[in-house]
Amino acid sequence: MPQSNLEITEVQFPNAKILPEIVQMMEEGHTVTLRLRGFSMRPFLEDNRDKALMKKAVNPKVGDAVLAEVRPLFFVLHRIIKIEGDDVTLRGDGNLNIEQCKLKDVKGFVIGFYRKGRDKMDKTNGLKWTVYSFIWTRLFPIRRYLLAFYRRIWLRFFKPI
């Protein structure tokens, strides 16, 4: 059969239904690519544009971008900002608030991101992500102003691809 007749259809499911299945796949040893939804990792990652390649979280540490279940069937992809014993504190790069969970609720570790429709992955252990992370996490006290500028001015002139 000629492949030129194939049609690709993208289907969206509610996170509460699909993410437990994705977590199960990672538990079985698979890697998963997931299109990102939401604005919590701005300005680096955009809603419905970028994708994350994830695997099962093993020994998460401060600075890791992870998929965590912060309430039953409510998952977030945020950065770990603190671990104290079994308690994990998370914050999205585009958020000012924190969220908390237990270590057992950290389900996935992000290996890298596919940004702006590119085929080349930005690895989380690569120079680009490492430099971005180092700078952005240290800007927390003034981040609220940078995010306001990004949302109110930057996005009006330079819409995400």
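Residues numbered from 1 in each chain as written. Predicted model: local features only at pLDDT ≥ 70, side-chain atom pairs only at ≥ 80, totals over all residues. Heavy atoms only, no water.

Caption draft 1: View of the overall build of the chain. Counting secondary structure elements, the chain contains three helices and eight strands. Walking the chain from its N terminus toward its C terminus, one meets helices and strands in the order α-β-β-β-β-β-β-β-β-α-α. Dimensions along the principal axes, computed over C-alpha positions, put the chain at roughly 60 × 40 × 30 Å. The buried share among the 161 residues of the chain stands at 39%. (Helix = DSSP H or I, 4+ residues; strand = E, 2+ residues; numbered from the N terminus. Buried < 20%, exposed > 50% of the residue type's maximum accessible area, 1.4 Å probe, protein only.)

Caption draft 2: Quick peek at a positive patch on the surface. Together, K116, R118, K120 and K123 give the surface a local cluster of positive charge. Assignment of secondary structure puts K116 in the loop between β7 (106–114) and β8 (122–123). (Patch = residues over 30% accessible without salt bridge, like charges linked within 9 Å, V, L, I, M, F, W, Y side chains within 5 Å. Areas by Shrake-Rupley, 256 points an atom, 1.4 Å probe, with all protein chains shown as cover. Salt bridge = Lys/Arg side-chain N within 4 Å of Asp/Glu carboxyl O. Lys, Arg positive; Asp, Glu negative; His and termini not counted. Charge placed at Lys NZ, Arg CZ, Asp CG, Glu CD.)

Caption draft 3: Up close: the pattern of salt bridges. In the structure shown here, the tally under the stated rule is 10 salt bridges. In this structure, R79 engages D93 in a salt bridge whose closest nitrogen and oxygen atoms are separated by 2.8 Å. Residue R79 is located in strand β4 (residues 74–84), and its partner D93 is located in the loop between β5 (87–91) and β6 (99–102); the two are separated by 14 residues in the primary sequence. By relative accessible area, D93 is classed as buried at 2%. The partner of K128 in a salt bridge is D122, and the shortest N-O contact between them spans 3.5 Å. According to the relative accessible area criterion, K128 is partly exposed, its value standing at 43%.

Caption draft 4: Molecular detail of helix α2 (residues 127–138). Helix length check: α2 (12 residues) gives 17 Å between terminal C-alpha atoms against 16 Å at 1.5 Å per residue, within 8%. Packed against the buried residues of α2 are β3 (65–71), β4, β7, β8 and α3 (140–157). (Expected span 1.5 Å × (residues − 1). Contact = heavy atoms within 4.5 Å.)

Caption draft 5: The environment of G94, seen in detail. Along the chain, G94 turns up in the loop between β5 and β6. When the C-alpha atoms of G94 and W129 are compared, they prove to be 15 Å apart, with 35 residues separating the residues in sequence.

Caption draft 6: Representation of the packing of aromatic side chains within the structure. Following the criterion strictly, the structure yields five aromatic pairs and no others. Between F44 and Y132, the aromatic rings sit 4.5 Å apart at their centres with planes inclined by 25 degrees, giving stacked as the arrangement. Here the residue F44 occupies a position in the loop between β1 (32–35) and β2 (51–56), and Y132 occupies one in helix α2, the gap between them amounting to 88 residues. For the pair formed by F44 and Y132, the shared burial category is buried. Members of the aromatic cluster, connected to one another through ring pairs, are F44, F113, W129, Y132 and W136. Positioned above the aromatic ring of F44, the side-chain terminus of R115 is 3.9 Å from the ring centre. (Phe/Tyr/Trp six-rings, centres within 6.5 Å; stacked < 30°, edge-to-face > 60°. Lys NZ or Arg CZ within 6 Å of the ring centre and 35° of its normal.)

Caption draft 7: Just the side chain of K107, in detail. Take K107: it is sitting in strand β7. The side chain of K107 is buried and forms no salt bridge, while E69, the nearest opposite charge, is found at 4.4 Å. Looking at K107, its side chain comes within polar contact range of the main-chain oxygen of K104, at 3.3 Å. For K107, the contacting residues outside a window of four places in its chain are V23, M26, K55, K56, A57, L67, A68, E69 and F75. (Polar contact = N/O pair within 3.5 Å; in protein donor to acceptor, adjacent residues only side chain to side chain.)

Caption draft 8: Representation of helix α1 (residues 15–27) within the structure. In this model α1 runs 17 Å from its N-terminal to its C-terminal C-alpha over 13 residues, within 8% of the 18 Å that 1.5 Å per residue would give. For α1, every residue scored as buried is listed here: L19, I22, V23 and M26. Seen from one end, α1 has its buried residues packed into an arc of 105 degrees, which puts them on one side. With respect to the buried face of α1, the exposed residues turned more than 90 degrees away are K17 and E21. Taken together, the buried residues of α1 touch β1, β2, β3, β4 and β7. One or two steps after α1, the chain reaches G29, where phi turns positive at roughly 100 degrees. (Arc of directions from axis to C-beta.)

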